[in-house]
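Structural description and commentary
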Amino acid sequence: MSARFRPGDAVAVRRAPSLGHLRTPHYVKGKMGVVERVCGDFPNPEELAYARDGLPKRALYRVRFNQRHLWPDYGGTDEDTVDVEIYEHWLEPAEELPA
Amino acid sequence: MNEHDHGHPPDQGGPMTHYQIMEEALRGLLIEKGVFTAEDVRREVEKMDARTPARGARVVARAWADPAYKERLLSDGTAACEELGLDMGQTYHLVAVENTAEVHNVIVCTLCSCYPRNLIGLPPDWYKSRAYRTRLVREPREVLKEFGLDLPGEVTIRVHDSTADMRYMVLPARPAGTEGMSEDELAALITRDCFIGVAVPRAEAVAS
(Lines give C-alpha, C1' and ligand atoms only; values in the text may rest on other atoms or scores of the structure.)
Protein backbone atom coordinates (compact mmCIF):
# COMPACT_ATOMS: atom_id res chain seq x y z
CA MET A 1 0.00 0.00 0.00
CA SER A 2 1.41 3.37 -0.92
CA ALA A 3 -0.57 5.64 1.37
CA ARG A 4 0.45 9.25 0.96
CA PHE A 5 -0.20 10.24 4.59
CA ARG A 6 0.75 8.72 7.91
CA PRO A 7 -0.73 8.91 11.41
CA GLY A 8 0.06 12.28 12.93
CA ASP A 9 0.19 14.15 9.60
CA ALA A 10 -1.73 17.44 9.44
CA VAL A 11 -4.13 17.35 6.49
CA ALA A 12 -6.73 19.65 4.96
CA VAL A 13 -9.95 18.53 3.28
CA ARG A 14 -10.27 19.87 -0.25
CA ARG A 15 -12.95 22.49 -0.62
CA ALA A 16 -14.58 21.02 -3.71
CA PRO A 17 -18.18 20.13 -4.59
CA SER A 18 -19.29 16.51 -4.23
CA LEU A 19 -20.54 15.52 -7.68
CA GLY A 20 -22.90 12.55 -7.39
CA HIS A 21 -22.36 10.13 -4.51
CA LEU A 22 -21.33 11.96 -1.35
CA ARG A 23 -18.79 10.50 1.08
CA THR A 24 -16.91 13.56 2.31
CA PRO A 25 -19.36 15.39 4.58
CA HIS A 26 -19.82 19.08 3.96
CA TYR A 27 -19.00 20.04 7.52
CA VAL A 28 -15.30 19.09 7.10
CA LYS A 29 -14.70 20.65 3.70
CA GLY A 30 -11.91 23.20 3.88
CA LYS A 31 -11.12 22.10 7.44
CA MET A 32 -7.86 20.82 8.85
CA GLY A 33 -7.22 17.80 11.03
CA VAL A 34 -4.70 15.13 11.94
CA VAL A 35 -4.52 11.62 10.50
CA GLU A 36 -5.53 9.30 13.33
CA ARG A 37 -4.93 6.06 11.40
CA VAL A 38 -4.58 4.64 7.92
CA CYS A 39 -7.60 2.36 7.40
CA GLY A 40 -6.42 0.56 4.27
CA ASP A 41 -7.15 0.63 0.55
CA PHE A 42 -10.74 0.40 -0.68
CA PRO A 43 -12.54 0.79 -4.02
CA ASN A 44 -13.77 4.35 -4.50
CA PRO A 45 -17.41 4.48 -3.34
CA GLU A 46 -18.03 7.51 -5.57
CA GLU A 47 -17.57 5.12 -8.51
CA LEU A 48 -19.18 2.05 -6.90
CA ALA A 49 -22.39 4.03 -6.50
CA TYR A 50 -22.72 4.08 -10.29
CA ALA A 51 -22.02 0.36 -10.78
CA ARG A 52 -18.42 0.98 -11.77
CA ASP A 53 -15.69 -1.09 -10.14
CA GLY A 54 -14.15 1.74 -8.11
CA LEU A 55 -10.62 0.64 -9.04
CA PRO A 56 -7.83 1.40 -8.51
CA LYS A 57 -8.39 1.27 -4.76
CA ARG A 58 -7.83 4.46 -2.81
CA ALA A 59 -6.26 4.89 0.61
CA LEU A 60 -8.81 5.63 3.35
CA TYR A 61 -7.89 7.53 6.51
CA ARG A 62 -9.51 8.43 9.80
CA VAL A 63 -8.91 12.14 10.29
CA ARG A 64 -9.41 13.75 13.69
CA PHE A 65 -10.83 17.27 13.79
CA ASN A 66 -11.04 19.58 16.75
CA GLN A 67 -14.67 20.59 17.38
CA ARG A 68 -13.79 24.22 18.07
CA HIS A 69 -12.21 24.37 14.63
CA LEU A 70 -15.31 22.89 12.97
CA TRP A 71 -17.99 24.94 14.74
CA PRO A 72 -17.31 28.59 15.69
CA ASP A 73 -19.79 28.48 18.56
CA TYR A 74 -19.10 24.94 19.73
CA GLY A 75 -20.48 24.53 23.23
CA GLY A 76 -18.20 21.74 24.52
CA THR A 77 -14.54 21.67 25.54
CA ASP A 78 -11.35 22.58 23.64
CA GLU A 79 -10.35 18.91 23.51
CA ASP A 80 -13.56 17.49 22.00
CA THR A 81 -13.04 15.93 18.56
CA VAL A 82 -14.79 14.31 15.60
CA ASP A 83 -13.09 11.46 13.71
CA VAL A 84 -14.18 11.13 10.07
CA GLU A 85 -13.16 8.56 7.44
CA ILE A 86 -11.90 10.40 4.38
CA TYR A 87 -10.45 9.14 1.12
CA GLU A 88 -6.98 10.20 0.09
CA HIS A 89 -8.12 12.10 -3.01
CA TRP A 90 -10.02 14.49 -0.74
CA LEU A 91 -6.94 15.34 1.37
CA GLU A 92 -4.01 17.70 0.95
CA PRO A 93 -1.10 18.30 3.28
CA ALA A 94 -1.80 21.14 5.72
CA GLU A 95 0.97 23.51 6.66
CA GLU A 96 -0.07 23.48 10.27
CA LEU A 97 -3.24 23.26 12.25
CA PRO A 98 -5.00 26.46 13.25
CA ALA A 99 -4.45 27.55 16.84
CA MET B 1 -65.28 -9.55 23.91
CA ASN B 2 -61.88 -10.95 24.86
CA GLU B 3 -59.87 -8.84 27.25
CA HIS B 4 -56.11 -8.73 27.14
CA ASP B 5 -53.56 -6.37 28.49
CA HIS B 6 -52.26 -4.52 25.48
CA GLY B 7 -53.77 -1.88 23.25
CA HIS B 8 -54.34 -2.30 19.55
CA PRO B 9 -53.06 0.40 17.24
CA PRO B 10 -55.07 0.73 14.01
CA ASP B 11 -54.16 -1.60 11.14
CA GLN B 12 -51.57 -0.10 8.83
CA GLY B 13 -53.87 -0.30 5.86
CA GLY B 14 -53.07 3.13 4.45
CA PRO B 15 -51.44 3.90 1.10
CA MET B 16 -47.86 2.68 0.62
CA THR B 17 -45.06 5.20 0.46
CA HIS B 18 -43.02 5.65 -2.70
CA TYR B 19 -40.13 3.63 -1.29
CA GLN B 20 -42.37 0.83 0.00
CA ILE B 21 -43.77 0.50 -3.53
CA MET B 22 -40.28 0.58 -5.05
CA GLU B 23 -38.98 -2.06 -2.63
CA GLU B 24 -41.85 -4.42 -3.31
CA ALA B 25 -41.54 -3.93 -7.09
CA LEU B 26 -37.78 -4.39 -7.12
CA ARG B 27 -37.90 -7.44 -4.88
CA GLY B 28 -40.65 -8.97 -7.03
CA LEU B 29 -38.69 -8.37 -10.23
CA LEU B 30 -35.46 -9.83 -8.84
CA ILE B 31 -37.34 -12.93 -7.67
CA GLU B 32 -39.12 -13.20 -11.04
CA LYS B 33 -35.78 -12.96 -12.86
CA GLY B 34 -34.32 -15.68 -10.63
CA VAL B 35 -31.64 -13.49 -9.05
CA PHE B 36 -32.73 -14.83 -5.65
CA THR B 37 -35.77 -16.53 -4.12
CA ALA B 38 -38.30 -15.31 -1.57
CA GLU B 39 -36.81 -17.86 0.81
CA ASP B 40 -33.35 -16.26 0.30
CA VAL B 41 -34.79 -12.89 1.37
CA ARG B 42 -36.56 -14.38 4.38
CA ARG B 43 -33.37 -16.16 5.44
CA GLU B 44 -31.27 -12.97 5.22
CA VAL B 45 -33.80 -11.09 7.37
CA GLU B 46 -33.77 -13.95 9.85
CA LYS B 47 -29.96 -13.91 9.98
CA MET B 48 -29.90 -10.18 10.73
CA ASP B 49 -32.69 -10.47 13.32
CA ALA B 50 -30.64 -13.14 15.10
CA ARG B 51 -27.82 -10.65 15.66
CA THR B 52 -28.34 -8.86 18.94
CA PRO B 53 -26.36 -6.68 21.35
CA ALA B 54 -25.75 -9.81 23.44
CA ARG B 55 -23.09 -10.79 20.88
CA GLY B 56 -21.25 -7.54 21.48
CA ALA B 57 -21.68 -7.87 25.24
CA ARG B 58 -19.63 -11.09 25.12
CA VAL B 59 -16.84 -9.23 23.35
CA VAL B 60 -16.81 -6.40 25.90
CA ALA B 61 -16.95 -8.76 28.89
CA ARG B 62 -13.99 -10.71 27.49
CA ALA B 63 -12.06 -7.46 26.93
CA TRP B 64 -12.71 -6.42 30.54
CA ALA B 65 -11.61 -9.79 31.88
CA ASP B 66 -8.56 -10.29 29.62
CA PRO B 67 -6.21 -7.34 28.90
CA ALA B 68 -4.44 -9.18 26.06
CA TYR B 69 -7.80 -9.80 24.35
CA LYS B 70 -8.64 -6.13 24.81
CA GLU B 71 -5.47 -5.14 22.93
CA ARG B 72 -6.36 -7.54 20.11
CA LEU B 73 -9.89 -6.08 19.99
CA LEU B 74 -8.54 -2.53 19.74
CA SER B 75 -6.11 -3.50 17.01
CA ASP B 76 -8.49 -5.60 14.86
CA GLY B 77 -12.12 -5.58 15.95
CA THR B 78 -13.40 -8.07 13.39
CA ALA B 79 -10.72 -10.68 14.14
CA ALA B 80 -11.35 -10.35 17.88
CA CYS B 81 -15.08 -11.01 17.39
CA GLU B 82 -14.39 -13.99 15.15
CA GLU B 83 -12.03 -15.32 17.82
CA LEU B 84 -15.11 -15.73 20.05
CA GLY B 85 -16.89 -17.66 17.32
CA LEU B 86 -19.06 -14.70 16.21
CA ASP B 87 -19.80 -14.78 12.50
CA MET B 88 -19.21 -11.29 11.09
CA GLY B 89 -20.01 -11.98 7.44
CA GLN B 90 -17.56 -11.25 4.66
CA THR B 91 -14.90 -8.53 4.80
CA TYR B 92 -16.19 -6.50 7.75
CA HIS B 93 -14.05 -3.75 9.23
CA LEU B 94 -15.00 -3.30 12.87
CA VAL B 95 -13.14 -0.66 14.88
CA ALA B 96 -13.53 -0.68 18.67
CA VAL B 97 -12.96 2.69 20.35
CA GLU B 98 -12.14 2.61 24.03
CA ASN B 99 -13.79 4.68 26.75
CA THR B 100 -11.53 5.68 29.62
CA ALA B 101 -11.80 8.00 32.60
CA GLU B 102 -10.65 10.84 30.32
CA VAL B 103 -12.33 9.99 27.00
CA HIS B 104 -15.91 9.14 26.06
CA ASN B 105 -16.69 7.94 22.53
CA VAL B 106 -19.98 8.15 20.65
CA ILE B 107 -20.90 6.87 17.18
CA VAL B 108 -22.99 8.33 14.36
CA CYS B 109 -23.36 8.05 10.61
CA THR B 110 -24.20 11.53 9.36
CA LEU B 111 -24.50 10.40 5.75
CA CYS B 112 -26.88 7.46 6.24
CA SER B 113 -27.14 4.87 9.05
CA CYS B 114 -23.92 2.85 9.11
CA TYR B 115 -23.86 0.88 12.34
CA PRO B 116 -22.12 -2.32 13.51
CA ARG B 117 -25.05 -4.45 12.32
CA ASN B 118 -22.96 -7.53 11.67
CA LEU B 119 -22.04 -7.64 15.35
CA ILE B 120 -25.12 -6.40 17.22
CA GLY B 121 -27.98 -6.30 14.70
CA LEU B 122 -30.19 -3.43 13.62
CA PRO B 123 -29.91 0.14 14.90
CA PRO B 124 -32.73 1.87 16.78
CA ASP B 125 -34.93 4.28 14.78
CA TRP B 126 -33.56 7.33 16.58
CA TYR B 127 -30.02 6.48 15.40
CA LYS B 128 -31.26 6.78 11.79
CA SER B 129 -33.14 10.02 12.40
CA ARG B 130 -31.98 13.28 10.87
CA ALA B 131 -32.14 14.83 14.31
CA TYR B 132 -29.52 12.48 15.74
CA ARG B 133 -27.36 12.48 12.63
CA THR B 134 -27.21 16.27 12.37
CA ARG B 135 -27.01 17.12 16.06
CA LEU B 136 -24.51 14.58 17.37
CA VAL B 137 -21.54 15.95 15.43
CA ARG B 138 -22.58 19.51 16.19
CA GLU B 139 -23.61 19.41 19.87
CA PRO B 140 -22.70 16.00 21.27
CA ARG B 141 -22.82 17.01 24.93
CA GLU B 142 -26.38 18.32 24.61
CA VAL B 143 -27.51 15.17 22.79
CA LEU B 144 -25.89 12.92 25.38
CA LYS B 145 -27.61 14.86 28.18
CA GLU B 146 -30.93 14.15 26.48
CA PHE B 147 -30.06 10.46 26.76
CA GLY B 148 -29.35 10.96 30.45
CA LEU B 149 -25.57 11.06 30.12
CA ASP B 150 -24.15 14.30 31.54
CA LEU B 151 -20.36 14.18 31.30
CA PRO B 152 -18.10 16.70 33.05
CA GLY B 153 -15.74 18.99 31.14
CA GLU B 154 -12.73 16.92 32.28
CA VAL B 155 -13.98 14.11 30.01
CA THR B 156 -13.16 14.62 26.31
CA ILE B 157 -15.93 13.62 23.89
CA ARG B 158 -14.83 11.90 20.69
CA VAL B 159 -17.52 11.58 18.02
CA HIS B 160 -16.92 8.98 15.29
CA ASP B 161 -18.67 9.59 11.96
CA SER B 162 -18.86 6.32 9.99
CA THR B 163 -18.52 7.85 6.55
CA ALA B 164 -16.89 4.96 4.72
CA ASP B 165 -15.84 1.34 5.17
CA MET B 166 -15.23 1.15 8.91
CA ARG B 167 -17.93 0.23 11.42
CA TYR B 168 -17.62 1.27 15.03
CA MET B 169 -18.44 -0.03 18.48
CA VAL B 170 -17.67 1.74 21.71
CA LEU B 171 -15.72 -0.40 24.17
CA PRO B 172 -17.24 0.93 27.41
CA ALA B 173 -15.14 1.39 30.53
CA ARG B 174 -15.61 -1.33 33.13
CA PRO B 175 -17.76 0.17 35.90
CA ALA B 176 -16.66 0.25 39.51
CA GLY B 177 -18.22 -2.35 41.77
CA THR B 178 -17.81 -5.23 39.29
CA GLU B 179 -14.73 -6.84 40.80
CA GLY B 180 -15.08 -10.60 41.02
CA MET B 181 -17.97 -10.79 38.53
CA SER B 182 -17.93 -13.63 36.01
CA GLU B 183 -17.85 -12.84 32.28
CA ASP B 184 -21.55 -13.75 32.02
CA GLU B 185 -22.39 -11.36 34.87
CA LEU B 186 -20.32 -8.62 33.22
CA ALA B 187 -21.96 -9.22 29.84
CA ALA B 188 -25.41 -8.72 31.39
CA LEU B 189 -24.46 -5.12 32.28
CA ILE B 190 -23.79 -4.07 28.68
CA THR B 191 -26.70 -2.80 26.60
CA ARG B 192 -27.15 -1.72 22.98
CA ASP B 193 -26.92 1.98 23.84
CA CYS B 194 -23.47 1.39 25.38
CA PHE B 195 -22.12 0.31 21.97
CA ILE B 196 -23.37 3.54 20.40
CA GLY B 197 -22.07 5.61 23.29
CA VAL B 198 -25.27 7.27 24.50
CA ALA B 199 -25.16 5.22 27.71
CA VAL B 200 -22.55 3.67 29.96
CA PRO B 201 -22.86 0.34 31.77
CA ARG B 202 -23.41 0.57 35.50
CA ALA B 203 -22.86 -2.11 38.09
CA GLU B 204 -26.08 -3.32 39.66
CA ALA B 205 -26.69 -1.64 43.00
CA VAL B 206 -25.05 -3.79 45.66
CA ALA B 207 -26.90 -4.05 48.95
CA SER B 208 -24.55 -3.12 51.80
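Right, let's walk through the structure included here. Model, not experiment: these values are computed from the prediction.

**Some points on the state of the cysteines**
Residues and elements named next belong to chain B.
- With the rule as written, the count across this model stands at zero disulfides over all chains.
- Here Cys112 stays unpaired: no disulfide links it, and the sulfur of Cys109, its closest cysteine neighbor, is 3.4 Å away.
- Overall, Cys112 belongs to the partly exposed group, its relative accessible area being 38%.
- The structure places no disulfide on Cys194, whose sulfur is separated from the nearest cysteine sulfur, that of Cys81, by 16 Å.
- On the accessibility criterion, Cys194 (1% relative accessible area) is buried.

**Details of the environment of Val108 of chain B**
Residue and element names in this part refer to chain B.
- With respect to the helices and strands, the residue Val108 is situated in strand β2 (residues 103-108).
- In the structure, Val108 is positioned 88 residues away from Ile196 in sequence and 7.7 Å away in space, judged by C-alpha atoms.
- Filtering out sequence-adjacent residues up to four positions away, Val108 remains in contact with Tyr127, Tyr132, Arg133, Leu136, Val137, Val159, His160, Asp161 and Ser162.

**A few points about the nonpolar core**
- Ile86 of chain A together with Leu73, Leu119 and Tyr132 of chain B are the most contacted members of the largest nonpolar core, which has 73 residues in total.
- With six residues, helix α3 (residues 53-65) of chain B is the largest single contributor of residues to this core.
- With near-sequence residues (within four places) excluded, Tyr132 of chain B lies in contact with Val106, Ile107, Val108, Trp126, Tyr127, Val143, Phe147, Ile196 and Val198 of chain B.

**Focus: the pattern of salt bridges**
Residues and elements named next belong to chain A.
- What the rule picks out here adds up to 22 salt bridges over all chains.
- For Glu36, the salt bridge is made with Arg62, and the minimal N-O distance between the two is 2.8 Å. In this pair, Glu36 sits in strand β2 (residues 32-42) while Arg62 sits in strand β3 (residues 58-66), placing the two residues 26 residues apart along the sequence.
- Measuring nitrogen to oxygen at the nearest pair gives 4.0 Å for the salt bridge that ties Arg64 to Glu36. Taken together, the positions of Arg64 in strand β3 and Glu36 in strand β2 put the pair 28 residues apart, joining distant regions of the chain.
- With relative accessibility at 24%, the residue Arg64 sits in the partly exposed group.
- We classify Glu36 as partly exposed; its relative accessible area is 24%.
- Here the salt bridges share partners, and the residues they tie into one network are Glu36, Arg37, Arg62, Arg64 and Asp83.

**Focus on the pairing of strand β4 (residues 81-87) of chain A**
- With respect to burial, β4 of chain A is a largely interior element, seven of its seven residues being buried.
- Burial of the side chains of β4 of chain A extends over both faces: Thr81, Asp83, Glu85 and Tyr87 of chain A are buried on one face and Val82, Val84 and Ile86 of chain A on the other.
- One ladder, built from seven bridges, connects β3 of chain A with β4 of chain A; its direction is antiparallel. Bridge pairing links Tyr61 of chain A to Ile86 of chain A in β4 of chain A.
- Sheet topology note: the β4 of chain A/strand β3 (residues 156-161) of chain B ladder contains four bridges and is parallel. Directly across from Thr81 of chain A, in β3 of chain B, lies its bridge partner Arg158 of chain B.

The rules behind these values
- Residues numbered from 1 in each chain as written.
- Chains lettered and ligands numbered in written order.
- Predicted model: local features only at pLDDT ≥ 70, side-chain atom pairs only at ≥ 80, totals over all residues.
- Heavy atoms only, no water.
- Disulfide = S-S within 2.5 Å.
- Buried < 20%, exposed > 50% of the residue type's maximum accessible area, 1.4 Å probe, protein only.
- Helix = DSSP H or I, 4+ residues; strand = E, 2+ residues; numbered from the N terminus.
- Contact = heavy atoms within 4.5 Å.
- Core = buried A, V, L, I, M, F, W, Y, C linked by side-chain atoms within 4.5 Å.
- Salt bridge = Lys/Arg side-chain N within 4 Å of Asp/Glu carboxyl O.
- Pairing = 2+ DSSP bridges.

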